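Okay, here's what each chain looks like letter by letter:
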Amino acid sequence: MRTGHQPSGHGFGSPSAAPRVTNTRTVIGRATGKVLAYIALTKPRVIELLLVATIPAILLADRGNVDILLILSTLFGGWMGAASANALNCVVDADIDKVMKRTARRPLAREAVPTSHAFVFGMTLGLASFLWLWWRANLLSGCLVVLTIAFYVLIYTMVLKRRTWQNVVWGGAAGCMPVMVGWSAVTGSLDWEPLVLFLVIFFWTPPHTWALAMRYKEDYKAAGVPMLPVIATEEHVTKQILLYSWAMVVTSLALVPAAGVVYMAVTLVAGAWFLLMAHQLYRSVRGGAAVKPLRLFLQSNNYLAVVFVGLAVDSVLGLPTVSSLFT
């Protein structure tokens, strides 16, 4: 009888089976990690604004009608454009992303993706966005996306962000463009209504961003980014937040004549609620009390969502506009 006989290497008892399974899992894990890294380059959470802003603009431009195919096509093209801008922003900001705790886990900051690959990825998405919107909507929509990408990367990221505290004031214009793209996808032109929506987001951006920057002031200081909370007192910052909040709410009311009573009611209630929060933050800072600026930051997202969803519902219902009630 033979003793010490080793397995033949076949079947479940094979010692080589475990390494093969391990190698397969390793390959799958690396591939998954790479895909997730490229997705992270696009900043999916930032792109949520695209959904919030584009759909109501489309519905307002085509008031009373819902063209699902056009909405989905425009969203897809706009998503690629926003993803392109965000990826290219990551390429330019890779150095400061490594310094800031809030951004240290971004793909380029932890070298999960080669910088050259991220650049090609961003440029490819931008070109695809332009061609898609030109094909599915019109040339104006495609050109507006290209303009947005160029402004965000070349003007905001490369020039304004590291040189002036007004970086988010003027740089925020890039985040306002989805409403222009949505309107133009329907009409092939621009008008005063999308300009009002543009300005609502324009005035919304500073309070939204400065509230976040108050919480991460030391991060921005370490990275050498002159955000307003880095170079000014909290009282001055909250005063500016209050002023821009008032401008945002007043501007949102300028759209009431082109909309119905649903939008009018929603924007009045949401505006009063947000102004109350902004005033509370300002009073707390002036009184020397401990403040939680992230609360205003989070609620600013809710404000914009509520107002734009209200506009979308109002546009779908297609009720008489407020201006028509007085003619």
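Every chain begins its residue count from 1, and numbering advances along the sequence as written. In keeping with the model being predicted, local features are shown solely for residues with a pLDDT of at least 70 and side-chain atom pairs are shown and tallied solely at 80 or more, while totals for entire chains, interfaces and linings include all residues. Remark: hydrogens and water are excluded; side-chain values derive from all non-hydrogen atoms of the structure.

Draft legend 1. Spotlight on the overall build of the protein. Runs of E in the DSSP output that reach at least two residues are strands. Runs of H or I that reach at least four are helices, and both are numbered from the N terminus. Each helix and strand counted, the protein has 14 helices and 0 strands in total. Its helices and strands in sequence order give the protein the pattern α-α-α-α-α-α-α-α-α-α-α-α-α-α, from N to C terminus. Expressed as lengths along the three principal axes of its C-alpha atoms, the size of the protein is roughly 105 × 50 × 35 Å. Exposure categories follow from relative accessible area, calculated using a 1.4 Å probe and restricted to protein chains: below 20% of the type maximum is buried, above 50% is exposed, and the middle band is partly exposed. Counting only residues that meet the buried cut, the protein has 46% of its 327 residues in that class. A fraction of 75% describes how many contacts in the protein between residues 6 or more apart in sequence connect residues 24 or more apart. Positive residues here are Lys and Arg, negative ones are Asp and Glu, while His and the chain termini are left out of the count. For this purpose, a charge sits on NZ of Lys, CZ of Arg, CG of Asp or CD of Glu. Charge-centre separation for the protein: the mean point of 26 positive side chains lies 13 Å from the mean point of 14 negative side chains. When checking whether two residues touch, look at their non-hydrogen atoms; a contact exists if any pair is within 4.5 Å.

Draft legend 2. Up close: the UniProt feature "transmembrane region" (unreviewed entry) in the protein. UniProt records the feature "transmembrane region" (unreviewed entry) at residues 46-62, 68-92, 112-133, 139-160, 167-186, 192-213 and 303-326, using the numbering of this structure. In residues 139-160, helix accounts for 100% and strand for 0%; the two terminal C-alpha atoms are 29 Å from one another. This span, residues 167-186, is 95% helix and 0% strand, and a straight line between its end C-alpha atoms measures 31 Å. UniProt positions are given in the numbering used here, feature names are shortened, and annotations may be inferred rather than shown by experiment.

Draft legend 3. Up close: the side chain of Asp93. Looking at the element boundaries, Asp93 is found in the loop between α3 (68-92) and α4 (94-99). Those residues in contact with Asp93 that sit more than four places away from it in its chain are Thr157, Lys161 and Arg162.

Draft legend 4. View of the nonpolar core. In this description, a nonpolar core means a group of buried Ala, Val, Leu, Ile, Met, Phe, Trp, Tyr and Cys residues linked to one another through side-chain atoms lying within 4.5 Å. Ranked by internal contacts, the top residues of the largest apolar core, which has 66 residues, are Val179, Trp210 and Phe308. In terms of residue count, the dominant contributor to this core is helix α9 (residues 192-215) (13 residues). Residue ranges for the domains originate in an automatic or database domain assignment. Residue assignment places this core across two domains, with domain 1 (39-188) and domain 2 (191-326) each supplying three or more.

Draft legend 5. Geometry of the domain arrangement of the protein. You can read the domains of the protein as domain 1 (39-188) and domain 2 (191-326). For domain 1 and domain 2, the distance between their C-alpha centroids amounts to 21 Å. In this complex, domain 1 contributes 32 residues to the contact, which on the side of domain 2 involves 41 residues. When domain 1 packs against domain 2, the two sides together hide about 3,000 Å² of surface, and 77% of this comes from carbon and sulfur. When a carboxyl oxygen of Asp or Glu is within 4 Å of a side-chain nitrogen of Lys or Arg, the pair counts as a salt bridge. Counting every contact that joins domain 1 to domain 2 gives 1 salt bridge. Note that Asp314 and Arg63 form a salt bridge whose closest N and O atoms lie 2.8 Å from each other. Each polar contact in these results corresponds to two N or O atoms within 3.5 Å; when the atoms are within protein, one needs to be able to donate a hydrogen and the other to accept it, and residues that are neighboring in sequence are counted only if both atoms are side-chain atoms. Here domain 1 and domain 2 share 4 residue pairs in polar contact (both at pLDDT 80 or more) between them. By buried area we mean how much accessible surface two parts lose on assembly, using a 1.4 Å probe and totalling the loss over both.

Draft legend 6. Spotlight on the packing of α3 against helix α6 (residues 139-160). Between α3 and α6, the least distance of the axes is 9 Å, while the angle of their chain directions is 20 degrees. As judged from the angle between their axes, α3 and α6 are roughly parallel. Here α3 runs over α6; the crossing is right-handed. For the pair α3 and α6, the contacting residues are Gly81, Ser84, Ala85, Asn86, Leu88, Asn89 and Val92 in the first and Val145, Ile149, Tyr152, Val153, Thr157 and Met158 in the second. Gly falls in the polar group here, along with every residue not listed as nonpolar (Ala, Val, Leu, Ile, Met, Phe, Trp, Tyr, Cys, Pro) or charged (Asp, Glu, Lys, Arg). The class makeup of the residues in the contact of α3 with α6 is 8 nonpolar, 5 polar and no charged. Whenever a helix is involved, its axis is fitted only over the stretch in contact; in every case the axis is a line through C-alpha atoms, and angles between N-to-C directions fall within 0 to 180 degrees. Here the word oblique covers every angle except those under 35 degrees (roughly parallel), over 145 (roughly antiparallel) and from 65 to 115 (roughly perpendicular). With the far helix as reference, a near helix turned anticlockwise by less than a right angle produces a left-handed crossing, and one turned clockwise produces a right-handed crossing.

Draft legend 7. Structural detail: unusual backbone geometry. Backbone geometry at Lys43 places phi at a positive 55 degrees, although glycine is not the residue there. Of note, Lys43 is situated in the loop between α1 (17-41) and α2 (48-61). Among the residues examined, Lys43 registers a relative accessible area of 11% and is labelled buried.

Draft legend 8. View of the packing of aromatic side chains. Stacked, edge-to-face and tilted labels apply to pairs of Phe, Tyr and Trp rings (six-membered ring for Trp) whose centres lie within 6.5 Å, assigned for plane angles under 30 degrees, over 60, and everything in between, in that order. Here the structure, examined in full by the defined rule, presents 13 aromatic pairs. Here Tyr38 and Phe121 contribute two aromatic rings whose centre-to-centre distance is 5.1 Å and whose plane-to-plane angle is 70 degrees, an arrangement assigned as edge-to-face. Here Tyr38, found in helix α1, pairs with Phe121, found in helix α5 (residues 115-136); they are 83 residues apart in sequence, far enough to count as distant. Any Lys NZ or Arg CZ that is within 6 Å of a ring centre and within 35 degrees of that ring's normal is treated as a charge sitting over the ring. Sitting over the ring of Tyr216, Arg215 keeps its end group 4.9 Å from the ring centre.

Draft legend 9. Geometry of the environment of Ser245. Relative to the assigned elements, Ser245 resides in helix α12 (residues 234-253). With 130 residues separating them in the primary sequence, Ser245 and Thr115 have C-alpha atoms 38 Å apart. Look past the residues within four positions of Ser245 in its chain and what remains in contact with it is Pro207, Phe274, Leu275 and Ala278. Looking at Ser245, its side chain comes within polar contact range of the main-chain oxygen of Ile241, at 2.7 Å.

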